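Residues per chain are reported as follows:
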Amino acid sequence: MRSPEKGELDSAAHSLREVAVLAVPFVLTQLLFTMMGLVDAAIVGRLGATELAAVGLAGTWIWTVSSFFIGASSVVQIFVAQNQGAGRDRDCGGWAWQGLGSTVPFAVVTAVLLYFSAEHAIRWIAPSEAVAPLAADYLRARSFGIVGLTAAIAMSSFFRGIGDARTPLVATLIANGTNFFLDLGLVYGWFGFPKLGVFGAGLATSISEWLYFAIVAIAFLRPSVRARFDTGWRRPRLEPVLRLWRIGLPVGGQWVIEMLAYSIFTTLIARMGDAAMAASHAFGQLASLSFMQAAGISTATATLVGRYIGAGQPDRAAQRFRSSLVLGGSVGATIAVAFLVVPDSLVALFSKDPKVIALGVPLLTIGALYQLFDALSVLSDGALRGAGDTRWPFVARCLASWLIFLPGAWLLAYRFEMGLTGAWIGGIFSSATLAIVLYRRFQSGAWREIRI
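The rules behind these values
Residues numbered from 1 in each chain as written. Predicted model: local features only at pLDDT ≥ 70, side-chain atom pairs only at ≥ 80, totals over all residues. Heavy atoms only, no water. Helix = DSSP H or I, 4+ residues; strand = E, 2+ residues; numbered from the N terminus. Buried < 20%, exposed > 50% of the residue type's maximum accessible area, 1.4 Å probe, protein only. Contact = heavy atoms within 4.5 Å. Areas by Shrake-Rupley, 256 points an atom, 1.4 Å probe, with all protein chains shown as cover. Lys, Arg positive; Asp, Glu negative; His and termini not counted. Charge placed at Lys NZ, Arg CZ, Asp CG, Glu CD. Phe/Tyr/Trp six-rings, centres within 6.5 Å; stacked < 30°, edge-to-face > 60°. Lys NZ or Arg CZ within 6 Å of the ring centre and 35° of its normal. Salt bridge = Lys/Arg side-chain N within 4 Å of Asp/Glu carboxyl O. Axes fitted to C-alpha atoms, helices over the stretch in contact; angles between N-to-C directions. Left-handed = near helix turned anticlockwise from the far one by under 90°. Nonpolar A, V, L, I, M, F, W, Y, C, P; charged D, E, K, R; others polar. Core = buried A, V, L, I, M, F, W, Y, C linked by side-chain atoms within 4.5 Å.

As for the overall build of the protein
Consideration 1: When helices and strands are tallied, the protein shows 16 helices and zero strands.
Consideration 2: Projecting the C-alpha coordinates of the protein onto the three principal axes gives extents of approximately 65 × 45 × 35 Å.
Consideration 3: Relative to its full complement of 452 residues, the protein shows a buried share of 59%.
Consideration 4: The contacts of the protein with a sequence gap of at least 6 include a subset with a gap of at least 24, amounting to 83%.
Consideration 5: Total accessible area computed for the protein in this model is approximately 17900 Å², and 67% of it derives from carbon and sulfur atoms.
Consideration 6: One finds the centroid of the 35 positive side-chain charges in the protein at a distance of 7 Å from the centroid of its 26 negative side-chain charges.

So, in structure tokens, the structure goes:
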């Protein structure tokens, strides 16, 4: 069969296959990454609803703090993909070092401040007296992992940029196995470990995040990778660091501002009681399974869009985005069916408390629709990010979070007295609006004129 010329499009089947082949290991990596939080929630949930609520509340805030560094580090992928697409393989390795130099020092300072201010920070959030000390313990334990996770994302973004999904997948698999083992040991006191409860769950995750970094760093410095991509040590330099921040600051900014809105949302839920907080956290963890699958496909899309833009083939980049919508829509529909058919069984994975299950089941009905809109926005965001269009999504996500999500959730939950269910219905309005706006942005073609 004749290979398409540069100006021609591939067949729809070829385009879909290329996205799917790259996306599958990325999806598995994202799901395994999410499993750390799921394992913490499932194991701690057996201790009681209060412990689960503490992990949910503190885990949301630790992710909020970390998200800026994670988002900013992740743009290493864009620079690597576009350089590889342009045939400049030996320029790829340096971008990982620039990514480390631009984010890790700030992550170190943040981790130290968070460790020493954990109790005060949790008291400011004002959960119940039973939840507060447990949440502070978990927050303090997780602060150790912020630096390791930030460095790991910068390194793994290099591999994502070159289309190597296997290395991050293996690293995440090993880290998850370690987290599960350490969770059982440090939470329950098994295998000769001290019984540390909620603090042990956070410590297990932090250790696993550092292990994840160690594995990808060793792979990054392998002789074969070093020979092809010139991954030897590079001192951070001002010009590439500024280029990274120009693209990465909006990504990190949108992550942290969006997560800050979600953290405030979670705080509103926490004031409804421990059972409501536990149910909301269980739903959030289940919804994250859907989100991470979309995020995995989005990562593959960003890589392919960046690669084809670097190769001077923007029409093929647009074609890969359309293929990602087909793949992501199919996955989202499957998850929606599961949410609708077995909601009680899914919530029961996290808590056997009848009140938690009763509050959680209606959320999965809402979640069936919510995660479809969420997938569309994530896929559109990934395609725009691969093209270097990061400022516009930053503005869109900030406005959706603060002008639609939070006001809508508060009005429905409190003003219209719809409680937990009403709060999450507010999330649907925000997610749907954002999905439409980001999709229209990519369809406008403005990304074709962007140069990173």
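Looking at unusual backbone geometry
Consideration 1: One non-glycine residue, phenylalanine 191, lies in the positive phi region at around 60°.
Consideration 2: Structurally, phenylalanine 191 can be placed in the loop between helix H7 (166-188) and helix H8 (197-220).
Consideration 3: A relative accessible area of 48% means that phenylalanine 191 is categorised as partly exposed.
Consideration 4: Residue aspartate 230 is not a glycine yet carries a positive backbone phi of 55°.

Thoughts on the packing of aromatic side chains
Consideration 1: On inspection of all chains with the given rule, the structure shows 26 aromatic pairs.
Consideration 2: Between the aromatic rings of tyrosine 370 and tryptophan 424, the centroid separation amounts to 5.8 Å while the plane-to-plane angle is 90°, which identifies the pairing as edge-to-face. Of this pair, tyrosine 370 sits in helix H14 (residues 354-386) while tryptophan 424 sits in helix H16 (residues 419-444), placing them 54 residues apart in sequence.
Consideration 3: A relative accessible area of 17% means that tyrosine 370 is categorised as buried.
Consideration 4: Classification of tryptophan 424 as buried rests on a relative accessible area of 3%.
Consideration 5: An aromatic cluster of three or more residues is present, and its members are Trp97, Phe158, Phe159, Phe220, Phe229 and Trp233.
Consideration 6: When the ring centre of tyrosine 115 is taken as origin, the NZ or CZ atom of arginine 140, which lies over that ring, is 5.8 Å away.

Describing the environment of glycine 177
Consideration 1: Position of glycine 177 relative to the elements: it lies in helix H7.
Consideration 2: Judged by its relative accessible area of 41%, glycine 177 falls in the partly exposed class.
Consideration 3: A sequence separation of 17 residues divides glycine 177 from proline 194, and the C-alpha atoms of the two residues are 19 Å apart.

Overview of the pattern of salt bridges
Consideration 1: Applying the stated criterion to the full structure yields 12 salt bridges.
Consideration 2: Across the salt bridge formed by aspartate 91 and arginine 88, the nearest N and O atoms sit 3.9 Å from each other.
Consideration 3: Each member of the salt-bridge network shares a partner with another, and the members are Arg90, Asp230 and Arg234.

A few points about the packing of helix H6 (residues 145-161) against H8
Between two packed helices, the angle of one axis relative to the other and the distance separating the axes together describe the packing.
Consideration 1: Direction vectors running N to C along H6 and H8 enclose 35°, while the axes themselves pass 8 Å from each other. Crossing of H6 over H8 shows left-handed handedness. Across from Gly145, Ile146, Val147, Gly148, Leu149, Ala151, Ala152, Met155, Ser156, Phe158, Phe159 and Arg160 in H6, the residues of H8 making contact are Ser206, Glu209, Trp210, Tyr212, Phe213, Val216, Ala219 and Phe220.
Consideration 2: Taken together, the residues of the contact of H6 with H8 break down into 14 nonpolar, four polar and two charged.

Section: the side chain of arginine 142
Consideration 1: Relative to the assigned elements, arginine 142 resides in helix H5 (residues 131-143).
Consideration 2: What makes arginine 142 buried here is its relative accessible area of 12%.
Consideration 3: Ignoring any residue separated from it by four or fewer positions in sequence, one finds arginine 142 in contact with Ile62, Gly202, Thr205, Ser206 and Glu209.

Digging into the nonpolar core
Considering soluble globular proteins, one finds that nonpolar side chains tend to be buried as a cluster.
Consideration 1: Counting residues in hydrophobic clusters, the biggest one holds 99 residues, and the most contacted among them are Met155, Phe158, Phe265 and Trp424.
Consideration 2: Other than its neighbours up to four places away in sequence, tryptophan 424 contacts Tyr262, Phe265, Ser280, Phe283, Leu363, Ile366 and Tyr370.
Consideration 3: Of all hydrophobic cores here, the second largest spans 20 residues; its members include Phe26, Ile70, Ala294 and Val378.

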